Amino acid sequence: MASPVRESSRRPHVHARRAPYLALAAPVVVGVLLRVWQLPAQVFVGDERWDLDAGLSLSMPEIWTQMMIGRSNFCAPIAAWVRLLAESGVQPSEWMLRLPSLACGLVALVAFPLLARRLAGGPAAVAFAWLVALSPYLVFYSRMMRSYMLLVLVSTLAVLAFLRWSELRDTRAARAYAVLAGMAIYIHQLAAPYVLAPLLAEAAILARRRATVPEWVRLASVGGAAVLFGALFLVPSWEKLSWLLENRSASAGPDWATLGTAALRLAGSPSIAAALLFYGLALGGLWGLARERPTVGAVSAAVVVAGAPAIALLSPLGSDDPIVLGRYLLPALPFLLLWAAAGIARAWQLPGATPKALAVGCVALLVGTGPLAEAEFFQSAFAHRVVHEAWDTERGHPALENARFYQGLREPGAGGPVVELPYQIVLYSETAATHQRIHGQPVKVASPLDAWWDDPRLDLDVHLSADPDRILASDARVVVLHLRPGAEETQVLADKSSYRRKLRQAWNFDRNLEAATRTLAGRLQEQWGEPDYADGWIVAWDLDRVRGSRAGAAGGGQVPPGDGNPPATPQTPGRGAAPPPGPGALRIVSGQTSPDPSSAQVSSTPWKARR
């Protein structure tokens, strides 16, 4: 039997060993919640479609040896994950498709602070854990089916492995750095300046202290191994890579305003005051790290500043856009957060309550003025867009023509999931997000043009097939079909001139989408009967009414719409019957649309009264 004295004497040591890890538990829990909150309900936005397209349409060898599908690049590891799920019969849902990014985000939550303890000390590691957990960009890219969180994780681990080799001459760390650096370059070619910058920093350190030849040979061998692994990853896809690099130099490059906005995004707040405080703490933290751990200071500084010259030199496509530029600068973000954490830790250790209050206040100000403090982030099916819009000085305005209709969906008895169609991930994706702000209901989307939404290898919940029967089989309550999606999107983005130009350039696609939408409108009417609401912009069906009508027709021996008979035109408005057209209304007859020429405004009759 163990001695009580011995057991009690051990406990303080056990608690002392556990204390640093327990201090990291709270930020990890908060970070996990932010990354998984309503993730299954999120609609695909922006470039998420490219990895999905590649995974569903390319073979596994093609995925690993190509960089592009069409004219868009994709991330091979994520596309391979999609392919693996699709071929295994799992029938993944939206959150499973995003699992690689989510897993990388969760690993970073734990790994970054633990590794930072050795570099900057325990207090800085705790502050670092909170900054990683609450960084809007790290939260955002942990929730998206894109390469950027994978890139951040791999490139950061590569630099940390290099630091371990630099300080301890650990050969295992050198091998890990070479492999991870090559992987990072393969994931995204603009990772090269970030993962190779430590070599330049180490070379400067060796030159300053007049290192011996063997030390230079060791550095050259580590750098050569990193370049070799990068080449091994890239050689199979060299043809596509060459085309990509040639066509990426099509941007004017970032100006000072774009760089400033990107700096605000990395800081995590659109508030200039909060961002200045963040960068002030970061510079103070760098100064302290450089004094106490010169190698850590030099290498991390090289990583942070490496991206800007490379982007200015290459002018990659999209670098004149703050959102895209922020992605290109993302590998520097963990080290900026580490500097800020070191600055917060130094303030915390100063005597008196004021420095501690300032340290806590800095984090509170960043979070309180950032996108994660907005209620919409926790409520929207487009939370990924909400994060970006926090820095947008030209936010889109609701399409006023439909505002009253969507407000009616908030009324008692009118609520339930709303299907918005057509929804296109890259273009025509702002309207649905803007309208959800008005009606506040869960959103599902459908498209008459995106064939992969009907792919039987997937089991998507938020993205529905445009087939009338499959929409009716969902839990949706209302279907809203937008007859003029391009014009409506332009209205929503009335203040965003750059996006309006993109819409004008897509005029041919807009024409095809509108034609497909009007054909679908006729098909829905044939299946479901007259719409419950119609104006010059949208038509809408109450699916509870449609389901009830079908059930009643089947029970009474009548043939419901959709069985070959055209729907009868009801004579009396009311629940279960479509109303006659009002001022500016749109009547659909046999798949043809006939908008009233004066239908610029929505009918004055609200949704609830028209059902």
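Because the structure is a prediction, the values reported are computed rather than measured. (Residues numbered from 1 in each chain as written. Predicted model: local features only at pLDDT ≥ 70, side-chain atom pairs only at ≥ 80, totals over all residues. Heavy atoms only, no water.)

In this structure, Tyr177, Phe382, Tyr423, Trp452, Leu481 and Trp528 are the most contacted members of the largest nonpolar core, which totals 158 residues. When residues in this core are grouped by element, the largest group, 14 residues, is from helix 10 (residues 148-168). Discounting chain neighbours no more than four positions away, the residues touching tyrosine 177 are Ala158, Ala161, Phe162, Val195, Leu196, Leu199, Val222 and Ala226. Core analysis: the second largest hydrophobic core is formed by twelve residues, Val478, Tyr533, Trp537 and Ala540 among them. (Core = buried A, V, L, I, M, F, W, Y, C linked by side-chain atoms within 4.5 Å. Buried < 20%, exposed > 50% of the residue type's maximum accessible area, 1.4 Å probe, protein only. Helix = DSSP H or I, 4+ residues; strand = E, 2+ residues; numbered from the N terminus. Contact = heavy atoms within 4.5 Å.)

In protein structure, a disulfide is the covalent linkage between the sulfur atoms of two cysteines. Tallying each qualifying case throughout the model produces zero disulfides. No disulfide involves cysteine 75; its sulfur sits 8.8 Å from that of cysteine 104, the nearest cysteine. On the accessibility criterion, cysteine 104 (9% relative accessible area) is buried. (Disulfide = S-S within 2.5 Å.)

Time to look at helix 5 (residues 76-88). Its 13 residues place the ends of helix 5 18 Å apart at the C-alpha level, agreeing with the 18 Å of an ideal helix rising 1.5 Å per residue. Among the residues of helix 5, those classed as buried are Ala76, Ile78, Ala79, Ala80, Val82, Arg83, Leu85 and Ala86. In this structure, the buried residues of helix 5 make contact with helix 3 (48-57), helix 4 (60-65), helix 6 (94-97), helix 7 (99-120) and helix 11 (171-187). (Expected span 1.5 Å × (residues − 1).)

Let us now look at the sheet that holds strand 3 (residues 418-421). The strands that make up a sheet are held in pairs by hydrogen bonds between backbone atoms, and each pair lies either parallel or antiparallel. A sheet is described by the order of its strands in space; here six strands give the open sequence 5-4-3-6-8-7, paired in mixed fashion. The outermost strands of the open sheet, each flanked by one partner alone, are strand 5 (463-464) and strand 7 (533-534). Here strand 7 runs beside strand 8 (residues 538-542); their pairing, made up of two bridges, is antiparallel. Residue pairing across strands places alanine 534 opposite valine 539, the latter belonging to strand 8. The sheet strands contacting helix 24 (residues 430-439) are strand 3, strand 4 (443-446) and strand 6 (478-482), and the helix crosses strand 3 at an angle near 150 degrees. (Pairing = 2+ DSSP bridges. Axes fitted to C-alpha atoms, helices over the stretch in contact; angles between N-to-C directions.)

Consecutive side chains along a regular strand alternate between the two faces of the sheet. Across the five residues of strand 6, five count as buried, placing the element largely inside the fold. Of the two faces of strand 6, both are covered, the one formed by Val478, Val480 and His482 as well as the one formed by Val479 and Leu481. Pairing analysis gives four bridges linking strand 3 to strand 6, with the strands arranged parallel. Considered in strand 6, the bridge of valine 418 is made with valine 478. Bridge analysis of strand 6 against strand 8 gives five bridges, and the strand direction is antiparallel. What sits directly across from valine 478, in strand 8, is aspartate 542.

The next point concerns the pattern of salt bridges. Here the structure, examined in full by the defined rule, presents 26 salt bridges. Aspartate 53 is the partner of arginine 49 in a salt bridge, and the nearest nitrogen-oxygen pair spans 2.9 Å. One end of the pair, arginine 49, and the other, aspartate 53, are both in helix 3, four residues apart, so they sit about a helical turn from each other. In this structure, aspartate 544 engages arginine 547 in a salt bridge whose closest nitrogen and oxygen atoms are separated by 3.1 Å. Highlighted residues: aspartate 544 and arginine 547, both in helix 29 (residues 543-555), separated by three residues, approximately one helical turn. It is possible to trace a salt-bridge network through shared partners that takes in Asp47, Asp51, Arg146 and Arg327. (Salt bridge = Lys/Arg side-chain N within 4 Å of Asp/Glu carboxyl O.)

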